[in-house]
Amino acid sequence: MSIVTDPRGFGRVAVLMGGTSSEREVSLNSGSNVLEALRARGVDAHAVDGIPALVGSLVGSGGRKFDRVFNILHGNKGGGEDGVLQGLLEALNIPCTGSGVLGTALAMDKIRSKQVWLALGLPTPRYIRLAKGSDVHAAAKSLGLPVIVKPSCEGSSVGVSRVFNDADLDAAVELAARYPGELLMEQLIEGQELTVGILGDIALPSIRIVPAGEYYDYHAKYVSDDTQYLCPGLEGEAEEEIKKLALEAFHAIGCEGWSRVDVMRDKAGKFYLLEVNTAPGMTSHSLVPKAAAQVGIDFQTLCWKILETSVE
Ligand SMILES: Nc1ncnc2c1ncn2[C@@H]1O[C@H](COP(=O)(O)OP(=O)(O)O)[C@@H](O)[C@H]1O
Ligand SMILES: [Mg+2]
């Protein structure tokens with residue numbers, strides 16, 4: 001059911017993309033797809049590159065050029081997935097798609113997302129926060145190899161390494177430390193990789209990702225065409241269970257509107273939450289559009305429904 005039936009009901013829409021995060025290029029790609037889809041549906045949508053440009057068009061003499069924002073920035077800081085943009089728009093009383101300050105800020109920080117999930121008894125891989133100067137070899141020993149090392153606040157598998165041998169630990173930590181913010185080391189879950197799109201208050205069918213290479217790295221995400229995507233990713237009870245878990249994880253950290261929840265499933269069938277992406281990709285390789293298509297929601301309708309999440 002549609003909340004808005006006439007595209008004029010959305011007013012003038014800024015499709016906010018690009019920015020300065022490590023995911024700039026992906027965001028520009030997502031953004032141009034969203035822009036095209038909204039325009040095809042008659043929405044008065046316009047591209048805006050980055051938060052400073054948006055601010056320029058909202059405040060000052062020529063101000064308030066937009067009635068709402070479709071946020072498709074990916075990443076933290078110059079990205080728009082970490083609460084900064086959400087706080088700014090809330091203060092200006094300009095509606096925006098997706099989660100608010102709390103949900104985006106918590107979702108951007110993998111360590112803090114895990115702390116909330118653990119407090120609520122939701123499953124996530126065991127982990128250790130790697131403070132500056134901490135003994136990474138002792139950390140790996142206590143988790144047990146293999147482990148995964150990643151920055152707490154990046155995306156697109158940037159700075160993520162799998163470590164099977166103690167000798168490779170230092171290089172993994174060095175790579176992750178090139179990115180701002182804290183680092184974490186996680187128990188590596190061997191098994192299936194899944195992701196669940198959330199739209200409104202509904203979990204879309206899961207997608208199982210089967211990369212041709214070793215794992216779902218940056219190349220597999222955006223470049224390679226041999227990654228397989230199976231949707232739905234699971235059957236029967238397991239599919240129901242992962243959808244329920246994804247929705248719980250999403251609500252636990254205060255998310256709203258839409259998201260994509262990344263989950264691992266070990267060989268025994270146990271699920272582990274990895275992270276929530278509050279402005280997931282909308283490129284031709286992206287997963288939320290694939291899951292939506294599985295339940296008959298085409299790309300234009302998906303963009304419309306996401307835009308509706310900005311309507312009170
Ligand atoms: N604990 C883990 N066990 C197994 N694989 C993992 C684990 N954490 C991350 N990965 C792999 O690394 C990829 C990126 O990790 P993720 O936590 O989703 O960060 P982001 O997508 O923000 O870079 C995942 O898609 C998955 O392939
Ligand atoms: Mg991920």
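Everything numeric in this text was worked out from a predicted model, so none of it was measured.

**Concerning unusual backbone geometry**
Okay, step 1: A cis amide bond, omega 0 degrees, links Leu145 with the succeeding residue Pro146.
Okay, step 2: Residue placement: Pro146 occurs in the loop between α6 (136-143) and β5 (147-151).
Okay, step 3: Going from Cys231 to Pro232, the amide bond is cis rather than trans, its omega being -5 degrees.
Okay, step 4: Within the element layout of this structure, Pro232 appears in the loop between β11 (228-230) and α9 (236-252).
Okay, step 5: Phi is positive for Asn93, close to 65 degrees, though the residue is something other than glycine.
Okay, step 6: Tracing the backbone through its elements, the reader meets Asn93 in the loop between α3 (84-92) and α4 (101-108).
Okay, step 7: Residue Asn93 is classed as exposed on the basis of its C-beta count, with 6 C-beta atoms lying within 10 Å.

**Quick look at the nonpolar core**
Inside soluble globular proteins, nonpolar side chains tend to come together where they are buried.
Okay, step 1: If you look at the biggest cluster of nonpolar residues, it comprises 67 residues, and the most contacted ones within it are Val13, Val15, Leu16, Leu38, Ala246 and Val263.
Okay, step 2: When residues in this core are grouped by element, the largest group, six residues, is from helix α11 (residues 299-308).
Okay, step 3: Three or more residues apiece are contributed to this core by two domains, here domain 1 (7-98) and domain 2 (107-123 + 191-302).
Okay, step 4: Leu38 has contacts with Val13, Val15, Val43, Ala45, Cys303 and Leu307, leaving out every residue within four places of it along the chain.
Okay, step 5: Ala139, Val160, Val173 and Ala176 belong to the second largest nonpolar core, which has 16 residues in total.

**Digging into the sheet that holds strand β6 (residues 161-163)**
Okay, step 1: Pairing is antiparallel across the open sheet formed by four strands, whose spatial order is β4-β7-β5-β6. For this open sheet the edge positions go to β4 (127-130) and β6, each flanked by a neighbour on one side alone. Taken pair by pair, the neighbouring strands of this sheet meet at an average axis angle of 25 degrees, ignoring direction.
Okay, step 2: Summarising the sheet, β4 and strand β7 (residues 183-187) pair through four bridges and their orientation is antiparallel. Within β7, the residue paired with Arg129 across the bridge is Leu184.

**Here's the deal with the domain arrangement of the protein**
Okay, step 1: Assigned domains of the protein: these are domain 1 (7-98), domain 2 (107-123 + 191-302) and domain 3 (127-187).
Okay, step 2: Computed from C-alpha coordinates alone, the two centres of domain 1 and domain 2 are separated by 24 Å.
Okay, step 3: Every contact between the two is made by 18 residues of domain 1 and, on the other side, 13 residues of domain 2.
Okay, step 4: Take the side of domain 1 that touches domain 2: its biggest share by element is seven residues, from helix α1 (residues 24-40).
Okay, step 5: Residue classes in the side of domain 1 that touches domain 2 are distributed as six nonpolar, nine polar and three charged.

**Observations concerning the packing of α1 against α11**
Okay, step 1: Close contact between α1 and α11 brings their axes to 9 Å; oriented N to C, the two are set at 90 degrees. Accordingly, the angle class assigned to the pair α1 and α11 is roughly perpendicular. Across the interface between the two elements, Val34, Ala37, Leu38 and Ala40 of α1 pack against Phe299, Gln300, Cys303 and Leu307 of α11.
Okay, step 2: Here the contact of α1 with α11 is composed, by residue class, of seven nonpolar, one polar and no charged.

**Here we look at the sheet that holds strand β3 (residues 68-71)**
Okay, step 1: As summarised here, the arrangement of the three strands in space is β2-β1-β3, forming an open sheet in which the pairing is parallel. Each end of this open sheet is capped by a strand with a single partner; those strands are β2 (44-49) and β3. The mean angle between the axes of side-by-side strands here comes to 30 degrees, regardless of whether they run parallel or antiparallel.
Okay, step 2: α1 rests against β1 (12-17), β2 and β3 of the sheet, and its axis sits at about 160 degrees to β1.

**Some thoughts on helix α10 (residues 287-294)**
Okay, step 1: Turning to α10, its buried residues are Leu287, Val288, Pro289, Ala291 and Ala292.
Okay, step 2: Residues of α10 that are buried in the fold lie against β8 (191-199), β10 (207-210), β11, β12 (258-266) and α11.
Okay, step 3: The positive-phi residue at the C-terminal boundary of α10 is Gly296, with phi of around 80 degrees.

What counts and how
In this numbering scheme, every chain counts its residues from 1 along its sequence in written order. All chains are assigned letters beginning with A, and all ligands numbers beginning with 1, in the order in which they are written. Totals for whole chains, interfaces and linings use every residue, but because this is a predicted model, local features are given only for residues with pLDDT of at least 70 and side-chain atom pairs only at 80 or more, for both listing and counting. Secondary structure elements follow DSSP: runs of H or I of four or more residues count as helices, runs of E of two or more count as strands, with numbering from the N terminus. Partly exposed residues are those whose C-beta has more than 12 but fewer than 20 other C-beta atoms within 10 Å; 20 or more makes a residue buried and 12 or fewer makes it exposed, with C-beta atoms placed from the backbone. For this entry, the nonpolar core is defined as buried Ala, Val, Leu, Ile, Met, Phe, Trp, Tyr and Cys residues connected by C-beta atoms within 7 Å. Each domain span listed reflects an automatic or database assignment of domains. We call two residues in contact if the C-beta atoms placed from their backbones are at most 7 Å apart. Criterion used throughout: strands pair if DSSP finds at least two bridges between them. For helices, the axis comes from a line fit to the C-alpha atoms of the stretch in contact; other axes are also lines fit to C-alpha atoms, and the angle between any two N-to-C directions lies between 0 and 180 degrees. Only Asp, Glu, Lys and Arg are considered charged in this grouping, and only Ala, Val, Leu, Ile, Met, Phe, Trp, Tyr, Cys and Pro are considered nonpolar; every other residue, Gly among them, is considered polar. Reported orientations rely on four angle classes, namely roughly parallel under 35 degrees, roughly antiparallel over 145, roughly perpendicular from 65 to 115, and oblique for the rest.

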